[in-house]
Amino acid sequence: MKTPGFEVFMTLNWEGIQPLYQQLEDIELTEESLDLWMEGWSDLRKLVDERYARLVLATHLDTTDEEKEKRFHDFLEHVYPSAQAADQCLKEKLLGSELTPKGMALVLKKMQAEADLFCEDNLPLMTEESKLGTQYSKILGAQTVQWQEEELTLVQVKSALLTTDRAVRKELWELSSQRQLEDREAINELWKKFLAVRGKMASNADFPDYRAFRWQQQLRLDYSPKESRQFIDAVKEVVVPAATRVYDRYQSRLGIDQVRPWDLMNNQTTFSLPAIQAFKTEEEFTSRVGNILDCLDPVLGGYFKSMRENDLLDLMNRKGKGPGGFCTSFATLGVPFIFMNAVGQGSDLRVLFHESGHAFHVFERINLPYHHQWRSGMEFAEVASTAMELLAEPYLSEDKGGFLSTEDAARTRLLNLEEKLLFWPYMSVVVDFQHWVYENHSLASNPDACDNKWSELIDYYMPGINWEGYEDVKMTGWHRKLHIHQAPFYYIEYGLASLGAFQIWENAQKDRAKALQDYRQSLALGGTATLPELYNAAGANLSFDSDTLGSAVQLIEKTMAELETQLT
């Protein structure tokens, strides 16, 4: 089957696309026709995937462009649901044939899970959910404050918050928090709509609740909600005490009696030193990161160089740009694209290393023959990104080929390790909150109940922070965690992946070349192996227990102590 070029495909309405699916539907599946049929289906999926990715990306690059938003919504309403329904028919055709294309055994298992989940009545609801996500991005993207006669985005405020003047930090934090609270009712109203849509989707597909629906939608075939809870219980047991020790060090560094929210912005202010200004322009940013990746691994450095040369990066923050950072991919070209909101700080390096790990995953899996084989579980996709942060950081200092002084590099690495240690308790808040939401759907449809639950969980997992006088900001923290709104239940992945990444990092300290070889080979498996197999290929284990997590915490605390000795 010959598919059109991507430029042509971008212009087609459903009437122009439907015959491409019909051609595949009309072909009789036999041992002889299977390979060509799979190639045709794979090529068609790439076209749909890339069209979706480019339209979504356009709305993030400029949240004020109503025409781009309209094109995305038109696609969501008039093309994407029909393409999903037609793709479902092809899944059923392949599953019904009882034929297994080479390298597709696990993919077929996932397809069966998706087929069992599919409900045509849910297609318009998924479109509605995507639109709600766009509205959420618009609310956050429009948030600005006036500071010293200048309008700042809240991302730019985070940069200003890195001042060593604690009083100024407090003032800025209060200003941005008040601006966020101005959208409290708007986000609450969106939340009610999100919950209604998600509850209806679960009901339509005959699931007892949205958590069960979403678990299968995420294709989590290798662990259950029970093991998810086991992991956050392990965090409470072995990480929360270590995190409390970090907060105690913050009090000592700052000479304060208690840690307040404005003391924790990227945690760099805990040294009462100016934030590390790592770069001023995107060119300077990418060239420095490129040099580090070249030192780490020439193959990975080559991948990043190709992204620079082919305009596959949009990294700097600006007004109207959507929040956050992510890596998407253009499937027909087989290349990634990195989006983020850098402002020149040293912490931006970590974000770009992280998203570059996702990009390297795209490059490595491209040799798999079918689009269907590319998607690994997000629990491993985040290993690719988090491990890259840890693997690259030893090269930050000038004596290792980087561009920071020895002391600045040690401080950057120390702060990153502290942040990663502190992340596990915060992750547990997000995960526990979402378990509660979808176990108590009716109660959680009341935003006030969500406020109370979030506040309770902050106290349980993050007791080292004093929120007195700012209870409204504390309890609405769930408003500002975009995963809760746009990607429900997508957060345990970061915690599990971080544990896997630290195991890879430990391996690299013993044999860097082998650790990187294992890393790249595991990425090349795409979605053709189970999560435990992918972790094992990378030299790690998919673990939920307190012993494995406790070993990682010991290594982190040992390394932090060593780094502190390098600081004057």
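You'll find the structure just up there.
Just so it is clear, the structure is predicted and the values come from calculations on it, not from any experiment. For every chain, the first residue of the written sequence is number 1, and numbering continues from 1 onward in sequence order. In keeping with the predicted nature of the model, local features appear solely for residues at pLDDT of at least 70, side-chain atom pairs appear and are counted solely at 80 or more, and the whole-chain, interface and lining totals rest on all residues. To get the side-chain values, take all heavy atoms of the structure and skip hydrogens and water.

Asks: Before we go on, may I ask you to explain the overall build of the chain in this structure?
Replies: Every helix listed is a DSSP run of H or I at least four residues long, and every strand listed is a run of E at least two residues long, numbered separately from the N terminus. In terms of regular secondary structure, the chain is built from 25 helices and five strands. Whereas a compact globule of 568 residues would reach a radius of gyration of roughly 24 Å, the chain reaches 24 Å, a difference of no more than 12%. For the chain, the spread of C-alpha atoms along the three principal axes comes to 75 × 50 × 45 Å. Contact between two residues is taken to exist if any of their heavy atoms lie within 4.5 Å; hydrogens are not considered. In the chain, of all internal contacts separated by at least 6 residues, the share reaching a separation of at least 24 is 77%. The protein chains shown are the only cover counted for residues, whose accessible areas, like all others here, come from Shrake-Rupley with a 1.4 Å probe. For the chain, the accessible surface area stands at approximately 23000 Å², while carbon and sulfur atoms represent 47% of it. Mean positive and mean negative side-chain charge positions of the chain (58 and 87 charges, respectively) differ by 2 Å. The globule rule used for comparison is 2.2 Å times the number of residues to the exponent 0.38, while the radius of gyration itself is calculated over C-alpha atoms. Positive residues here are Lys and Arg, negative ones are Asp and Glu, while His and the chain termini are left out of the count. Here the site of a charge means atom NZ of a Lys, CZ of an Arg, CG of an Asp or CD of a Glu.

Asks: What's the story with the environment of Phe-213 in this structure? I'm lost.
Replies: Looking at where Phe-213 falls in the secondary structure, it is placed in helix α11 (residues 210-217). Categorising residues by exposure relies on relative accessible area from a 1.4 Å probe, with only protein chains included: less than 20% of the type maximum marks a residue as buried, more than 50% marks it as exposed, and the intermediate range marks it as partly exposed. Residue Phe-213 is classed as buried on the basis of its relative accessible area of 1%. Taking the C-alpha atoms as reference, Phe-213 lies 8.1 Å from Met-201; in sequence the two are 12 residues apart. Other than its neighbours up to four places away in sequence, Phe-213 contacts Leu-117, Asn-122, Met-126, Met-201, Ala-202, Ala-205 and Phe-207.

Asks: Is there a simple way to think about the pattern of salt bridges in this case?
Replies: For side chains of opposite charge, pairing can occur when their charged atoms come near one another. In what follows, salt bridge is the name for a side-chain nitrogen of Lys or Arg lying within 4 Å of a carboxyl oxygen of Asp or Glu. Counted according to the given criterion, the structure contains 38 salt bridges. For Glu-50, the salt bridge goes to Arg-54, with nearest N and O atoms at 2.8 Å. One end of the pair is Glu-50 and the other is Arg-54, both in helix α3 (residues 34-61) and four residues apart, which spans about a single turn. Look at Glu-50 and you get buried, because its relative accessible area is 1%. Between Arg-179 and Glu-182 there is a salt bridge, and its shortest N-O distance comes to 3.8 Å. Residue class for Arg-179 comes out buried when judged on its relative accessible area of 16%. Each of Arg-211, Arg-229, Asp-432 and Glu-439 takes part in one network of salt bridges that share partners.

Asks: Looking at this model, I keep getting lost on the side chain of Arg-184. Mind explaining?
Replies: Mapped onto the elements of the fold, Arg-184 is located in helix α10 (residues 184-204). Judged by its relative accessible area of 18%, Arg-184 falls in the buried class. Whenever two N or O atoms come within 3.5 Å, that pair is a polar contact, provided that in protein one can donate a hydrogen and the other can accept it, and provided that, for residues adjacent in sequence, both atoms are side-chain atoms. For Arg-184, the side chain forms a polar contact with the side chain of Asp-451, separated by 2.9 Å. Other than its neighbours up to four places away in sequence, Arg-184 contacts Asp-451, Asp-472, Met-475, Thr-476 and His-479.

Asks: Explanation requested: the sheet that holds strand β3 (residues 313-316) in the structure shown.
Replies: Strand pairing in a sheet relies on backbone hydrogen bonds, with the paired strands running either antiparallel or parallel. The three strands lie next to each other as β3-β5-β4, forming an open sheet whose pairing is mixed. Two strands close off the open sheet at either side, each with one partner strand: β3 and β4 (326-330). Averaged over all pairs of adjacent strands, the angle between strand axes in this sheet comes to 20°, irrespective of strand direction. To get an axis, fit a line to the C-alpha atoms, keeping to the stretch in contact for a helix; angles then go from 0 to 180 degrees between the N-to-C directions. Each of β3, β4 and β5 (335-342) is contacted by α3, which is oriented at about 140° to β4, the strand it contacts most. Paired strands are those between which DSSP finds at least two bridges.

Asks: How should the nonpolar core be read in this particular structure?
Replies: In this text, buried Ala, Val, Leu, Ile, Met, Phe, Trp, Tyr and Cys residues form a nonpolar core when linked through side-chain atoms within 4.5 Å. Within the largest apolar cluster, 150 residues are counted, with the highest numbers of intra-cluster contacts made by Phe-231, Phe-360 and Trp-424. Filtering out sequence-adjacent residues up to four positions away, Phe-231 remains in contact with Trp-424, Met-427, Ile-492, Gly-495, Leu-496, Leu-499, Ser-543, Phe-544 and Leu-549. In this structure, Leu-34, Phe-72, Phe-75 and Tyr-370 belong to the second largest nonpolar core, which totals 32 residues.

Asks: What is the right way to look at unusual backbone geometry in this model?
Replies: Of all residues except glycine, most have a negative phi; of all peptide bonds, most are trans. The phi angle at Asp-311 is positive, at roughly 55°, despite the residue not being glycine. If you trace the backbone, Asp-311 turns up in the loop between α14 (298-309) and β3. Look at Asp-311 and you get exposed, because its relative accessible area is 64%. We note that Phe-489 has phi near 65°; this positive angle belongs to a residue other than glycine. Relative to the elements of secondary structure, Phe-489 occurs in the loop between α21 (482-486) and α22 (492-510). What makes Phe-489 buried here is its relative accessible area of 3%.

Asks: Is there a simple way to think about a negative patch on the surface in this case?
Replies: Patch rule: a residue counts if its relative accessible area is over 30% and it has no salt bridge; like charges are joined within 9 Å, and nonpolar side chains (Val, Leu, Ile, Met, Phe, Trp, Tyr) within 5 Å. A cluster of acidic residues, Glu-31, Glu-32, Asp-35, Glu-39 and Asp-43, forms a negative patch on the protein surface. Structurally, the position occupied by Asp-43 is in helix α3.

Asks: Just checking my understanding: could you explain the packing of helix α13 (residues 282-296) against helix α16 (residues 378-392) for this structure?
Replies: The relative placement of two packed helices is expressed as an angle between their axes plus a distance between the axes. At a closest axis distance of 10 Å, the pairing of α13 and α16 adopts a crossing angle of 85°. Between α13 and α16, the crossing angle belongs to the class labelled roughly perpendicular. Facing Ile-292, Leu-293 and Leu-296 of α13, the residues of α16 in contact are Met-388, Leu-391 and Ala-392. In the scheme used here, Gly and all other residues not listed as nonpolar or charged are polar, with Ala, Val, Leu, Ile, Met, Phe, Trp, Tyr, Cys and Pro taken as nonpolar and Asp, Glu, Lys and Arg as charged. Tallied by class, the residues present in the contact of α13 with α16 amount to six nonpolar, no polar and no charged. Oblique is the label for any angle not under 35 degrees, not over 145, and not in the 65 to 115 range, which are roughly parallel, roughly antiparallel and roughly perpendicular in turn.

Asks: Would you mind showing me how to read α11 here?
Replies: One turn of an α-helix holds 3.6 residues; hence residues three or four places apart share an orientation. Along α11, the residues classified as buried are Tyr-210, Arg-211, Phe-213, Arg-214 and Trp-215. With its phi angle positive at about 55°, Leu-219 sits one or two positions after the end of α11.

Asks: Just checking my understanding: could you explain the side chain of Ser-356 for this structure?
Replies: By the secondary structure assignment, Ser-356 is in helix α15 (residues 347-365). The class of Ser-356 is buried, set by a relative accessible area of 1%. Sequence-distant contacts of Ser-356, that is, excluding residues within four places in its chain, are made with Phe-304 and Ile-338.

Asks: I keep staring at the environment of Ile-27 and nothing clicks. Help me out?
Replies: For Ile-27, the location among the structural elements is in the loop between α2 (14-26) and α3. Overall, Ile-27 belongs to the partly exposed group, its relative accessible area being 31%. With sequence-adjacent residues up to four places away left out, Ile-27 is seen in contact with Ser-33, Trp-37 and Lys-93.

Asks: Could you clarify how one ought to interpret the packing of aromatic side chains in this entry?
Replies: Stacked, edge-to-face and tilted labels apply to pairs of Phe, Tyr and Trp rings (six-membered ring for Trp) whose centres lie within 6.5 Å, assigned for plane angles under 30 degrees, over 60, and everything in between, in that order. Tallying each qualifying case throughout the model produces 37 aromatic pairs. For the ring pair Trp-191 and Trp-478, a centre distance of 5.1 Å and an interplane angle of 65° mean the geometry is edge-to-face. One end of the pair, Trp-191, is in helix α10; the other, Trp-478, is in the loop between α20 (471-475) and α21, and 287 residues separate them in sequence. A relative accessible area of 0% places Trp-478 in the buried class. Within the aromatic cluster, the residues linked to one another by ring pairs are Trp-191, Phe-423, Tyr-426, Phe-433, Trp-436, Trp-454, Trp-478, Tyr-490, Tyr-491 and Tyr-494. To sit over a ring, a charge needs its Lys NZ or Arg CZ within 6 Å of the ring centre and within 35 degrees of the ring normal. One Lys or Arg, Arg-220, reaches over the ring of Trp-215 and ends 4.4 Å from the middle of that ring.

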